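Chain residues, written in single-letter form:
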Amino acid sequence: MAQAILDVMPGASTGTVQVSDPLNFWAGKRVEPRQQKNAEPVFEPATGDCFFLLGSRWEKREKIAKLEVINNGKSITEALVDIDIAWQCIEYYAGLAGALAGQHVQLPGGAFAYTRREPLGVCVGIGAWNYPFQIAAWKSAPALACGNAMVFKPSPFTPVTAVILAEIYKEAGVPDGLFCVVQGGAETGTILCQHPKVAKVSFTGSVPTGKKVMEMSAKGVKQVTLELGGKSPLIIFKDCDLENAVRGALMANFLTQGQVCCNGTRVFVQKDIMPQFLEEVVKRTKAILVGDPLLDSTRMGALINKPHLEKVLGFVSQAKLQGARVLCGGERFVPSDPKLVNGYFMSPCVLDNCRDDMTCVKEEIFGPVMSVLPFDTEEEVVQRANNTTFGLASGVFTRDISRAHRVAENLEAGTCFINNYNISPVEVPFGGYKMSGFGRENGQVTIEYYSQLKTVVVEMGDVDNYF
Ligand SMILES: NC(=O)C1=CN([C@@H]2O[C@H](COP(=O)(O)OP(=O)(O)OC[C@H]3O[C@@H](n4cnc5c(N)ncnc54)[C@H](O)[C@@H]3O)[C@@H](O)[C@H]2O)C=CC1
Ligand SMILES: C[N+](C)(C)CCCC(=O)O
């Protein structure tokens, strides 16, 4: 089954593919053309081509990415990466499915026990709108690999691409009902969390909703994974490679229009290098091309909706009132293309003169707004970095290897990036400390969150009876 799912995931072409094709994850392997296995190809009348059964995987990748752009507003460049991360995730858990194993435990007198890793049953996935396809893959791939069924509810703001994932699974031969998508908002989510036949809920979203999901799940003693918000620190020491630190700060703040839970939005910069850092980061931020997210040249698309754009702009206004200085951006952006004039675009913003007690530094903005804060010493910055109820991610830029690992150890966060930020290889666990949630996605450990362990105890002799 896992192999069948991979056969229809985007990324690789059908037929024999060239080893030299760096974009092809099946490089060098023979992949059976899908139409040989399925006699009923589905044609797309609008374009005349056959999307799911005949189009090369490479074309599918592009089409799903375009749908994700329309779904979410992020740039096509980022959407393509999201689709790649999704198939990599499915490939990874497809591989792990065959590696699920128990333990054999020898007991006295020839008796022994063994453990079996068993599915939980029906798992519910509830997604946020910022990575719609990727979140659906991050939740469903380990769930299905562990033998569970999943009912997935995307955010009502981004209902489209989770359905495409369901179609891919179906085409691969996943039985009806094993991965279902239900649409809806809070009411639908509530029904799913309260349903007596649901064994587990994996939720990605805000802290307030996460608390509700946990409360509802507690009533049915359901397992929960919570991937919630963040206000992550990025610490830049004066001994860093400044060029890379600036790149890291941009990666930490401006992906998906800044609507990323693990973003490093509190950028602590050691005072000695503050002027150089600000000059470079502002220059680079001003150069970010905002506009039509379907164009290859665009680097930042539109925010998710009008109320959210207004909320983010409101954070910038409040920051100004509280004494922050806007070094660039922070305004509604109207592209010259007439068809985009009503879009929810804003110019990416760098705030200087920030203090730890400002709202922009304390609260999750979930938009393209970087707050820069000066610091003097390592001890001081670690204490300030940890002074938050969140704990999703963190980052440190330094050339001092001892310092890097010492800081990583002392930061209260589920991830610490050293000399990089916001990369997410499927092999490594992702999840929060403190109010950013618990449980993990990605990595081998996620198997633990989608399976349960049965112990089987085997007696080889007589029963030792006390009565
Ligand atoms: N840690 C992580 O991996 C991520 C966390 N987030 C967080 O998500 C937030 C933004 O996403 P939103 O979609 O606005 O969050 P949200 O919490 O409003 O909604 C998330 C999902 O929960 C559903 N929902 C809403 N009320 C519910 C209820 N009472 N019961 C069950 N489900 C319910 C929504 O329909 C949606 O599918 C940000 O705060 C961000 O930090 C976003 C992406 C990733
Ligand atoms: C892919 N990455 C690391 C940029 C973000 C993933 C977490 C999220 O869903 O916001």
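Residues numbered from 1 in each chain as written. Chains lettered and ligands numbered in written order. Predicted model: local features only at pLDDT ≥ 70, side-chain atom pairs only at ≥ 80, totals over all residues.

A closer look at the overall build of the protein
Then comes step 1: Scanning the protein from terminus to terminus reveals 15 helices and 18 strands.
Then comes step 2: Out of the 467 residues belonging to the protein, those deemed buried represent 46%.
Then comes step 3: Excluding contacts between residues fewer than 6 apart, the proportion of contacts in the protein whose partners are at least 24 apart in sequence is 67%. (Helix = DSSP H or I, 4+ residues; strand = E, 2+ residues; numbered from the N terminus. Buried ≥ 20, exposed ≤ 12 C-beta atoms within 10 Å, placed from the backbone. Contact = placed C-beta atoms within 7 Å.)

A look at helix α9 (residues 242-254)
Then comes step 1: Over its 13 residues, α9 runs 18 Å from end to end, which matches the ideal 18 Å to within 8%, given 1.5 Å per residue.
Then comes step 2: Following α9 by one or two positions, T256 adopts a phi angle in the positive range, close to 45 degrees. (Expected span 1.5 Å × (residues − 1).)

What to know about the UniProt feature "domain: Aldehyde dehydrogenase" (unreviewed entry) in the protein
Then comes step 1: Within this structure's numbering, the places UniProt gives as "domain: Aldehyde dehydrogenase" (unreviewed entry) are residues 59-456.
Then comes step 2: The distance from the first to the last C-alpha atom of residues 59-456 is 48 Å, and the span holds 38% helix and 18% strand. (UniProt positions renumbered as here; feature names shortened; annotations may be inferred.)

Focus: the UniProt feature "active site" (unreviewed entry) in the protein
Then comes step 1: When the UniProt feature table is mapped onto this chain numbering, "active site" (unreviewed entry) sits at E227.
Then comes step 2: As for its placement among the helices and strands, E227 is situated in strand β9 (residues 223-227).
Then comes step 3: Sequence-distant contacts of E227, defined by excluding residues within four places in its chain, comprise F203, T204, C261, G431, G432, G437 and E441.

As for the sheet that holds strand β10 (residues 233-236)
Then comes step 1: Read from one edge of the open sheet, seven strands run β12-β13-β14-β11-β10-β15-β16, paired in mixed fashion. Only two strands of the sheet have a single partner each, and these edge strands are β12 (325-328) and β16 (417-418).
Then comes step 2: The pairing of β12 with strand β13 (residues 349-352) spans three bridges and is classified as antiparallel. Bridge pairing in β13 places V326 opposite L351.
Then comes step 3: Sheet contacts for α9: β10, β11 (266-270), β14 (369-375) and β15 (395-397); angle to β15, the most-contacted strand, approximately 165 degrees. (Pairing = 2+ DSSP bridges. Axes fitted to C-alpha atoms, helices over the stretch in contact; angles between N-to-C directions.)

Side note on the site of ligand 1
Then comes step 1: Around ligand 1, 26 residues are found, and the nearest of them are G189, G205, T209, G229 and C261.
Then comes step 2: Elements represented by at least two residues in the shell around ligand 1 include exactly α7 (186-194) and α8 (207-219).
Then comes step 3: Of all the elements, α7 adds the most residues to the shell around ligand 1, at four residues.
Then comes step 4: Residue classes in the shell around ligand 1 are distributed as 11 nonpolar, 11 polar and four charged. (Near = placed C-beta within 6 Å. Nonpolar A, V, L, I, M, F, W, Y, C, P; charged D, E, K, R; others polar.)

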